Amino acid sequence: MSIQLNHTIVAARDKAASAEFTARVLGLEVGAPFGPFLPVHTANGVTLDFMEVEPDRIVPQHYAFLVSDEEFDAIFGRIQNAGIDYYADPAHHEEGQINHRDGGRGAYFDDPNGHNLEILTRPYGSGG
């Protein structure tokens, strides 16, 4: 069997609010609770399992989502319509811009817990 990422735990102050934010922006659905987790499933079988933790235990992480051009347009539209700040870079220096790395498009934005989310249409190093 080849090794595949199956799931990751996303620390949150409020797992329902965080799962709903991520699902809404990305155009996904929140799944049924599983133990302490509230899952959001992606198309490639990876699940983001949102779990409530004490706020001081949340260490901001980076989650990048490879999307099609059409999905980028839809997600980016939801980001803009919701008034979410977005950036062309992971350090959040290029506010209100997107990047065009490898001939694609990319944008970064934060979730309610400070996790740095990214949408990109071309994998890094793919050229273009």
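For the structure itself, consult the block above.
The notes below deal with the structure included here.

Cut-off values and rules
Residues numbered from 1 in each chain as written. Predicted model: local features only at pLDDT ≥ 70, side-chain atom pairs only at ≥ 80, totals over all residues. Heavy atoms only, no water. Pairing = 2+ DSSP bridges. Helix = DSSP H or I, 4+ residues; strand = E, 2+ residues; numbered from the N terminus. Axes fitted to C-alpha atoms, helices over the stretch in contact; angles between N-to-C directions. Contact = heavy atoms within 4.5 Å. Salt bridge = Lys/Arg side-chain N within 4 Å of Asp/Glu carboxyl O. Buried < 20%, exposed > 50% of the residue type's maximum accessible area, 1.4 Å probe, protein only.

### A closer look at the sheet that holds strand E6 (residues 116–120)
Through backbone hydrogen bonds, the strands of a sheet pair up, either in parallel or in antiparallel fashion. Spatially, E4-E6-E5 is the arrangement adopted by the 3 strands of the open sheet, whose pairing is mixed. The outermost strands of the open sheet, each flanked by one partner alone, are strand E4 (62–66) and strand E5 (106–110). Within the sheet, the average angular offset between the axes of one strand and its neighbour, ignoring direction, is 20°. Pairing of E5 with E6, which is carried by 5 bridges, proceeds in the antiparallel orientation. Within E6, the residue paired with Gly106 across the bridge is Leu120. Packed onto the sheet, helix H2 (residues 69–81) meets E5 and E6 and runs at close to 140° relative to E6.

### Here's the deal with unusual backbone geometry
In the Ramachandran plot, His92 falls in the positive-phi region, its phi being about 65° despite a non-glycine side chain. Note on placement: His92 falls in the loop between H2 and E5.

### Observations concerning the pattern of salt bridges
Tallying each qualifying case throughout the model produces 2 salt bridges. With a closest N to O distance of 3.4 Å, Arg105 and Asp69 form a salt bridge. Of this pair, Arg105 sits in the loop between H2 and E5 while Asp69 is found in helix H2, placing the two residues 36 residues apart along the sequence. Among the ionic pairs, Asp73 bridges to Arg105, the shortest N-O distance being 2.7 Å. One end of the pair, Asp73, is in helix H2; the other, Arg105, is in the loop between H2 and E5, with 32 residues separating them in the sequence. Given the relative accessible area of 45%, Asp73 is considered partly exposed. Within this structure, Asp69, Asp73 and Arg105 form a network of salt bridges that share partners.

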